[in-house]
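Close look at the chain arrangement
Residues per chain, in single letters:
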Amino acid sequence: QVQLVESGGGLVQAGGSLRLSCAASGRILGINAMGWYRQAPGKQRELVATITSGGTTNYADSVKGRFTISRDNGKNTVYLQMNSLKPEDTAVYYCNADKITTINLRYPVVWGQGTLVTVSS
């Protein structure tokens, strides 16, 4: 079974930085797109950033210029570098992987368990 495990969340002051990591485990041959979503209390889950296997990126307007998504295909890992953090960035951040191919199966979509990011002011 394929699993995504996030790490790197925590408490940070406004203006600070955090780097989130998400590693996919399993007998993985390839992953199409990977991305980050976030959900604040009382709000719907929203897209933060995505990156294709070829390196094409997409960002929500609210994080453009502050966040950078990247991936290491050899390690099946996606990262989110978050700079100039604002209190409104506070949320649970979820890792997502699209179209994972393993030795025996193909998974349309897989979600991580989430990691909490809290930005204080």
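In this report, we go over the structure that sits alongside the text. Remember, predicted model here, so these are calculated numbers, not experimental data.

With respect to the overall build of the chain
What the chain contains, in helices and strands, is zero helices and 12 strands. Moving toward the C terminus, one meets the helices and strands of the chain in the order β-β-β-β-β-β-β-β-β-β-β-β. Expected size for 121 residues packed as a compact globule is a radius of gyration near 14 Å; at 14 Å, the chain falls within 12% of this value. Here the chain holds 121 residues, and the buried ones make up 41% of them. When contacts within the chain are restricted to residue pairs at least 6 apart in sequence, long-range pairs at least 24 apart make up 57% of them. Split by element, the accessible area of the chain, about 6,400 Å² in all, is 48% carbon and sulfur. Of the charged side chains in the chain, 12 are positive and 7 negative, and the gap between their average positions amounts to 5 Å.

A short note on the pairing of strand S11 (residues 106–111)
Across five bridges, the pairing between strand S10 (residues 91–102) and S11 is antiparallel. When the bridges of S11 are listed, Asp 98 appears paired with Val 109.

Looking at unusual backbone geometry
Although it is not a glycine, Ser 84 adopts a positive phi angle of roughly 50°. Residue placement: Ser 84 occurs in the loop between strand S9 (77–82) and S10. Non-glycine residue Lys 99 carries a positive phi angle of around 55°. Mapped onto the fold, Lys 99 is located in strand S10. Judged by its relative accessible area of 53%, Lys 99 falls in the exposed class.

A closer look at the sheet that holds strand S3 (residues 18–25)
Judged by pairing direction, the sheet is antiparallel, and its four strands sit side by side in the order S1-S3-S9-S8 without closing on themselves. If you trace the sheet from one side to the other, it starts and ends with strand S1 (3–7) and strand S8 (67–72), each paired once. Within the sheet, the average angular offset between the axes of one strand and its neighbour, ignoring direction, is 15°. Inspection of the sheet shows S8 paired to S9 by six bridges, in the antiparallel sense.

Calculation rules
Residues numbered from 1 in each chain as written. Predicted model: local features only at pLDDT ≥ 70, side-chain atom pairs only at ≥ 80, totals over all residues. Heavy atoms only, no water. Helix = DSSP H or I, 4+ residues; strand = E, 2+ residues; numbered from the N terminus. Rg over C-alpha atoms; globule rule 2.2 N^0.38 Å. Buried < 20%, exposed > 50% of the residue type's maximum accessible area, 1.4 Å probe, protein only. Contact = heavy atoms within 4.5 Å. Areas by Shrake-Rupley, 256 points an atom, 1.4 Å probe, with all protein chains shown as cover. Lys, Arg positive; Asp, Glu negative; His and termini not counted. Charge placed at Lys NZ, Arg CZ, Asp CG, Glu CD. Pairing = 2+ DSSP bridges. Axes fitted to C-alpha atoms, helices over the stretch in contact; angles between N-to-C directions.

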